[in-house]
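# Per-entry structural report
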Amino acid sequence: MIQPINYSTLPADLHPETIPAHVAVIMDGNGRWASQRGLPRVAGHRQGAKTVKELLRCCKDWGIGALTVYAFSTENWQRPMAEVTFLLRLFDRLLRRELAEMQRQGVRIQFLGDLSPLPERLQDLMQEAMAVTSRNQRVRFNVAVNYGGRQELVNAARAIAQQVVSGTLSLDAVNETALACALQTHPLPDPDLLIRTSGEQRLSNFLPWQLAYTELYFTNLLWPDFDHAAFHQALQWYQSRQRRFGRLTATPTAQGVL
Ligand code: IPE
Ligand code: IPE
Ligand code: MG
């Protein structure tokens, strides 16, 4: 009899020593997934939420220390108001429903982006979720909401300039480390692997600084169809890459320090 595959442990063909420390995901294709089924676009978002839950579980079970997902960009405000409202309500509902489970699984949730234009009730929920899970260590789960990479860099530049003006930082100390420290992803290592679904091959203003040396994986699968088997495949692909970082020989795809 064929044994069912147990996805609660790392699949046997993946090497634990080169499993990425940090995976970033542009969850794209929800609308197309729904349209293909004759459903309203929002049905795709609802289904996509289930996918992210499964992915987070895989990260936790497979020893991936950090997962950063793009849930809503600064550009997504330009969508019809009904879709934006639906998404904000979905975030609200998901947070309420999943917080206890995330707590149980040792997930530390953090939100990246400017939360201030979001409904106050949602902001409060987000703050509460970040506070309640702040001591959890099993897996870091970053959700980018109203996030724009260029805006993040502008904010970092402004914070650094402020320190220079006030005399707490010398101009000589303005370097890559100082800038990385001023980003919202600090102190996480940069993502080792970026996954974008739905066949699009662009970054759409997601983590432009942090993805400078990341392995980029594009798949035609639409986000709601990206299940644990698809993630497994992405990790196989990642482990087949040679990460040279400018050298002539590959360095082991080392696990970063969280
Ligand atoms: C990604 O799916 C989810 C968000 C941007 C919130 P899309 O909504 O972009 O789906 P497509 O790209 O239109 O199919
Ligand atoms: C990127 O997807 C943003 C998120 C996944 C949240 P979009 O669907 O908004 O990106 P574009 O418009 O195709 O670049
Ligand atoms: Mg899209």
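All figures in this text were calculated on a predicted structure; none of them were measured in a lab.

Within the UniProt annotation, "active site" (unreviewed entry) is assigned to Asp28 and Asn76. Considering the C-alpha atoms alone, the annotated residues occupy 49 residues of sequence yet fold into one spot, their largest mutual distance being 12.1 Å. Residues from the named set that contribute to the lining of the largest pocket are Asp28 and Asn76. With respect to the helices and strands, Asp28 occurs in the loop between strand 1 (22-26) and helix 1 (30-36). Beyond its immediate chain neighbours, meaning those up to four positions away, Asp28 contacts Arg196, Thr197, Ser198, Glu200, Leu222 and Trp223.

The full count for this structure, using the stated rule, is 9 aromatic pairs. Between Tyr213 and Phe245, the ring centres sit 5.0 Å apart and the planes meet at 50°, which makes this aromatic pair tilted. Here Phe245 lies in the segment after helix 7 (228-240) and Tyr213 lies in the loop between strand 5 (193-196) and strand 6 (215-218), a separation of 32 residues in the sequence. Residue Phe245 is classed as partly exposed on the basis of its relative accessible area of 36%. With a centroid separation of 5.2 Å and an interplanar angle of 55°, the aromatic rings of Tyr217 and Trp237 are classed as tilted. Within this pair, whereas Tyr217 is found in strand 6, its partner Trp237 is found in helix 7, the two being separated by 20 residues in sequence. A residue is classified by how much of its surface remains accessible, and Trp237, at 24% relative accessible area, is partly exposed. Taken together, the ring pairs in this structure connect Trp62, Trp223, Phe226 and Phe231 into an aromatic cluster.

Further remarks concern the environment of Ala144. Positionally, Ala144 belongs in strand 4 (residues 139-147). Excluding its chain neighbours within four sequence positions, the residues that come into contact with Ala144 are Val69, Tyr70, Ala71, Phe72, Leu112 and Phe206.

Contacts to ligand 2 come from Ile26, Met27, Asp28, Tyr70, Ala71, Phe72, Asn76, Arg79, Arg196, Arg202 and Ser204. Here an oxygen atom of ligand 2 sits 3.2 Å away from a polar atom, N or O, in the side chain of Asp28. Considered on its own, ligand 2 offers 390 Å² of accessible surface; in the complex 77% of this is hidden by protein. Comparing atom positions with the cavity grids shows ligand 2 to sit within the largest pocket. For the shell around ligand 2, the element with the highest residue contribution is strand 2 (residues 66-73), accounting for 3 residues.

On to the pairing of strand 4. Strand 4 sits mainly inside the fold: 9 of its 9 residues count as buried. Where strand 3 (residues 107-112) lies against strand 4, 6 bridges are found, and the strand directions are parallel. Within strand 4, the residue paired with Leu112 across the bridge is Ala144.

Across all of its chains, the model carries 0 disulfides by this definition. Distance from the sulfur of Cys58, which forms no disulfide, to the nearest cysteine sulfur (Cys59) is 6.9 Å.

Right, let's talk about a positive patch on the surface for a bit. Taken together, the side chains of Arg46, Lys50, Arg89 and Arg93 present a region of like positive charge at the surface. Its location among the elements puts Arg46 in helix 2 (residues 41-62). Exposure remark for Arg46: the relative accessible area of 42% places this residue in the partly exposed category.

This part is about unusual backbone geometry. Excluding glycine, a negative phi dihedral is what most residues carry, and trans is how most peptide bonds are arranged. For the bond running from His186 to Pro187, omega is 10°, close enough to zero to count as cis. Checked against the element boundaries, Pro187 lands in the loop between helix 6 (176-181) and strand 5. For Leu207, which is not glycine, the phi torsion reads 45° and is therefore positive. Locating Leu207 in the fold gives a position in the loop between strand 5 and strand 6. One non-glycine residue, Phe245, lies in the positive phi region at around 50°.

Here the focus is the pairing of strand 5. Where burial is concerned, the two faces of strand 5 agree: the one with Leu193 and Ile195 and the one with Leu194 and Arg196 are both buried. Taken together, the 4 bridges between strand 1 and strand 5 define a ladder with parallel strand orientation. Opposite Val25, over in strand 5, you have Ile195 as the bridge partner. Where strand 5 and strand 6 come together, 4 bridges link them in parallel fashion. The partner of Arg196 across the bridge, within strand 6, is Phe218.

How each quantity is defined
- Residues numbered from 1 in each chain as written.
- Chains lettered and ligands numbered in written order.
- Predicted model: local features only at pLDDT ≥ 70, side-chain atom pairs only at ≥ 80, totals over all residues.
- Heavy atoms only, no water.
- UniProt positions renumbered as here; feature names shortened; annotations may be inferred.
- 1 Å grid on protein atoms, 1.4 Å probe; cavity = no way out; pocket = protein on both sides within 12 Å on 5 of 7 lines; lining within 4 Å.
- Helix = DSSP H or I, 4+ residues; strand = E, 2+ residues; numbered from the N terminus.
- Contact = heavy atoms within 4.5 Å.
- Phe/Tyr/Trp six-rings, centres within 6.5 Å; stacked < 30°, edge-to-face > 60°.
- Buried < 20%, exposed > 50% of the residue type's maximum accessible area, 1.4 Å probe, protein only.
- Near = heavy atom within 4 Å.
- Polar contact = N/O pair within 3.5 Å; in protein donor to acceptor, adjacent residues only side chain to side chain.
- Areas by Shrake-Rupley, 256 points an atom, 1.4 Å probe, with all protein chains shown as cover.
- Sits in = over half its atoms within 2 Å of the grid points.
- Pairing = 2+ DSSP bridges.
- Disulfide = S-S within 2.5 Å.
- Patch = residues over 30% accessible without salt bridge, like charges linked within 9 Å, V, L, I, M, F, W, Y side chains within 5 Å.
- Salt bridge = Lys/Arg side-chain N within 4 Å of Asp/Glu carboxyl O.
- Lys, Arg positive; Asp, Glu negative; His and termini not counted.
- Charge placed at Lys NZ, Arg CZ, Asp CG, Glu CD.

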